[in-house]
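# Geometric and topological summary
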Amino acid sequence: MPEHDIHSLAKEILILARNTLLVNMRFLDSALSRLELCDLVQNEIPLDITAGTEGQKLYYSPKFILRKYKADKNAVAHIYLHIIMHCIFRHMFIYTLVDNEKWDLACDIAVESVISGLGLNCVNTDTDTHISDILSDISRLNHSVLLLAMLTKVLTKLSVKSSVNTRIFVRMTIFS
């Protein structure tokens, strides 16, 4: 396939993904239409990413978009919505003392949780079951951590000394 065709086809796929999201989520019209599509290769932008944004442009690698679309027709709409959700939640604006890797991971978890909760068929992908399992594990772990904090608070109020039995109970609760 000629290079020009790759670029125009990738852009058409992104526009199709955006229009699919607009049909299913009209209330996101302003957000979905705000980002300017920016082909990394045609614009000779030396970013080592597959798709992303800084809040004004949606940068993408044409070959990545074509590969994703070929593998799963809903994948590009999922990616587009993922990027838009990062903008809506203003994830690109972070405090200088934040650990960037942890922040990025936490933001991705939040965005994927919201997308999963929407229950939209147009963004369901082959990996959604795997993502849902991971989100469930994270949620269960989060509840276990909260349980541990509450248990510690109760034990402290009761003036119970930490013992081996208490630690075993807590470990069994968290990892069961």
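See the structure shown above.
Reading guide: rules and limits
- Residues numbered from 1 in each chain as written.
- Predicted model: local features only at pLDDT ≥ 70, side-chain atom pairs only at ≥ 80, totals over all residues.
- Heavy atoms only, no water.
- Helix = DSSP H or I, 4+ residues; strand = E, 2+ residues; numbered from the N terminus.
- Contact = heavy atoms within 4.5 Å.
- Polar contact = N/O pair within 3.5 Å; in protein donor to acceptor, adjacent residues only side chain to side chain.
- Pairing = 2+ DSSP bridges.
- Axes fitted to C-alpha atoms, helices over the stretch in contact; angles between N-to-C directions.
- Core = buried A, V, L, I, M, F, W, Y, C linked by side-chain atoms within 4.5 Å.
- Buried < 20%, exposed > 50% of the residue type's maximum accessible area, 1.4 Å probe, protein only.

A separate point is the environment of Thr53. Tracing the chain through its elements places Thr53 in strand β2 (residues 51-53). A C-alpha to C-alpha distance of 8.2 Å links Thr53 and Cys87, two positions 34 residues apart in sequence. Filtering out sequence-adjacent residues up to four positions away, Thr53 remains in contact with Leu35, Leu58, Tyr59, Ile83, Cys87 and Met92. Side-chain polar atoms of Thr53 contact the backbone nitrogen of Gly55, separated by 2.9 Å. A polar atom in the side chain of Thr53 sits 2.6 Å from the backbone oxygen of Lys57.

A sheet is described by the order of its strands in space; here 3 strands give the open sequence β1-β3-β2, paired in mixed fashion. Looking at strand neighbours, the two that pair on one side only are β1 (36-39) and β2, the edges of this open sheet. Neighbouring strand axes in the sheet, compared pairwise and without regard to direction, differ in orientation by 25 degrees on average. Pairing analysis gives 4 bridges linking β1 to strand β3 (residues 57-60), with the strands arranged parallel. Pairing of Cys38 across the sheet is with Tyr59, part of β3. Its contacts with the sheet place helix α4 (residues 75-88) against β1, β2 and β3, and it is angled at close to 20 degrees to β2.

A few words now on the nonpolar core. Residues Leu21, Ile65, Tyr80, Leu81 and Val123 are the most contacted members of the largest nonpolar core, which totals 30 residues. When residues of this core are traced back to their parent elements, those giving at least two are α1 (3-24), β3, α3 (62-71), α4 and α5 (100-118). Looking at this core, the element that brings in the most residues is α4, giving 8 residues. Leaving out residues up to four positions away in the same chain, Tyr80 has contacts with Leu14, Ala17, Arg18, Leu21, Leu32, Leu35, Leu37 and Leu58.

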